[in-house]
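Descriptive analysis of the structure
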Amino acid sequence: MGLHMGQTIELTGMVLSAIPVGDYDKRILLLTRERGKIAAFMRGARRPNSAFLAASNPFSFGQFEVFEGKSSYNVAKVSISHHFRELAQDLDAVSYGFYFLEMAAYYTQENMDGTEFLNLLYVSLKALLKPALDNRLVRRVYELRMLVLSGEYPDVFSCAKCGRKQELYYFSVKCHGALCPECLKGEYAVPLDESTLYALQYIMTAPYQKLYSFTLTAPVFGRLEEIVSGYIHQYHDRHFKSQEMLEHI
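Residues numbered from 1 in each chain as written. Predicted model: local features only at pLDDT ≥ 70, side-chain atom pairs only at ≥ 80, totals over all residues. Heavy atoms only, no water.

1. Some remarks on the side chain of R145
Following the sequence through the fold, R145 ends up in helix α4 (residues 135-150). E116 is the oppositely charged side chain nearest to the buried, salt-bridge-free R145, at an N-O distance of 5.5 Å. Those residues in contact with R145 that sit more than four places away from it in its chain are L120, I203, M204, T205, A206, Y208 and L211. (Helix = DSSP H or I, 4+ residues; strand = E, 2+ residues; numbered from the N terminus. Buried < 20%, exposed > 50% of the residue type's maximum accessible area, 1.4 Å probe, protein only. Lys, Arg positive; Asp, Glu negative; His and termini not counted. Salt bridge = Lys/Arg side-chain N within 4 Å of Asp/Glu carboxyl O. Contact = heavy atoms within 4.5 Å.)

Now the structure itself:
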């Protein structure tokens, strides 16, 4: 190990998933600010006295000191600042949490700047721990903002067809966004009231520290959910394993 110490890289990140390898090791998937999504080995992580024992679990957030091996990264040292242990005590919240991790793994890749994705994931997991917030709302906020980060989001600031910024009274999944009355003809769209439009615009642009500082009435949330889930269903055929857990909640 002494050989590699000069070449270690310090990364800030979160464990997205972990699988056992051999008798004592683990292979983790890490979302990092500096290198995006990377796979790394934690030698001896499954030994009862290992310093990596708790750090190799999903949701572990902190500093990971790694060195590059021939074919993968190896973790040399870890300092975890947040384990999100409270999530584990709430089956509902932890199910959403695993879905968020899976989605983050899907939308990120190696050698990208992972800062925004990591920030979104962190504040969203924190939001799941707030009793005042409905986890279903947290999910839709996370999904929509994830689409923004991946560049696959709908236009809710102007008409998706003609570009006008007023009278955005409808939303069309097929047209990738809001529509004005003139452009509605012949399109299947759902009505878009002012509150739902404002909520969509807020979710897509609010700074992360304010992203979860609102609640919605049941009718507005219902419309928001219909729009976000319809959009995701149309453009993302990927079915995440954790979604099955969510369907039973």
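Here the narrative resumes.
2. A closer look at the pattern of salt bridges
One pass over the full model with this rule turns up twelve salt bridges. Its salt-bridge partner being E187, residue K174 comes within 3.4 Å of it at the nearest N-O pair. Here the residue K174 occupies a position in the loop between β6 (170-172) and β7 (177-179), and E187 occupies one in the loop between β7 and β8 (190-191), the gap between them amounting to 13 residues. What makes K174 exposed here is its relative accessible area of 60%. Bridged by salt links that share partners, the residues R139, R140, E143 and E225 form one connected network.

3. A few points about the pairing of strand β3 (residues 36-42)
Most of β3 sits out of view: five of its seven residues are buried. As defined by bridge partners, strand β2 (residues 25-32) adjoins β3 across seven bridges and the pair is classed as antiparallel. Bridge assignment links L31 to a residue of β3, and that residue is K37. Counting the residues between successive antiparallel strands, the hairpin from β2 to β3 contains three residues. Note that β3 and strand β5 (residues 73-82) share two bridges and pair parallel. By the bridge assignment, F41 is partnered in β5 with N74. (Pairing = 2+ DSSP bridges.)

4. Considerations on the pairing of strand β1 (residues 9-21)
Sheet topology places β1 next to strand β4 (residues 61-68); six bridges connect them, and they run antiparallel. Within the sheet, the bridge partner assigned to G13 lies in β4 and is G62. The sheet contact formed by β1 and β2 spans eight bridges and is antiparallel. Paired with G13 across the strands is T32, a residue of β2. The hairpin formed by β1 and β2 contains three residues between the paired strands, and G22 there has a positive phi angle of roughly 60°.

5. Quick word on the packing of helix α2 (residues 91-107) against α4
It is at 11 Å that the axes of α2 and α4 come closest, and there the two elements cross at 5°. Compared by their axis directions, α2 and α4 come out roughly parallel. Along the contact surface, α2 presents D92, A93, Y96, Y99, F100, M103, A104 and Y107, while α4 presents N135, R136, V138, R139, Y142, E143, M146, L147 and S150. Here the residues of the contact of α2 with α4 sort into eleven nonpolar, two polar and four charged. (Axes fitted to C-alpha atoms, helices over the stretch in contact; angles between N-to-C directions. Parallel < 35°, antiparallel > 145°, perpendicular 65-115°, else oblique. Nonpolar A, V, L, I, M, F, W, Y, C, P; charged D, E, K, R; others polar.)

6. Details of the nonpolar core
Grouped together as the largest cluster of nonpolar side chains are 64 residues, with contacts concentrated most on F100, L121, L125 and Y142. Breaking this core down by element, the ones donating at least two residues are β1, β2, α2, α3 (115-128), α4, β7, α5 (194-205) and α6 (218-235). Counting residues per element, this core draws most heavily on α2, at ten residues. For L121, the residues in contact, after removing those within four places along its chain, are M14, L16, L31, F100, L101, A104 and Y142. Counting 15 residues, the second-largest nonpolar core is a separate cluster that includes L11, V15, L30 and M42. (Core = buried A, V, L, I, M, F, W, Y, C linked by side-chain atoms within 4.5 Å.)

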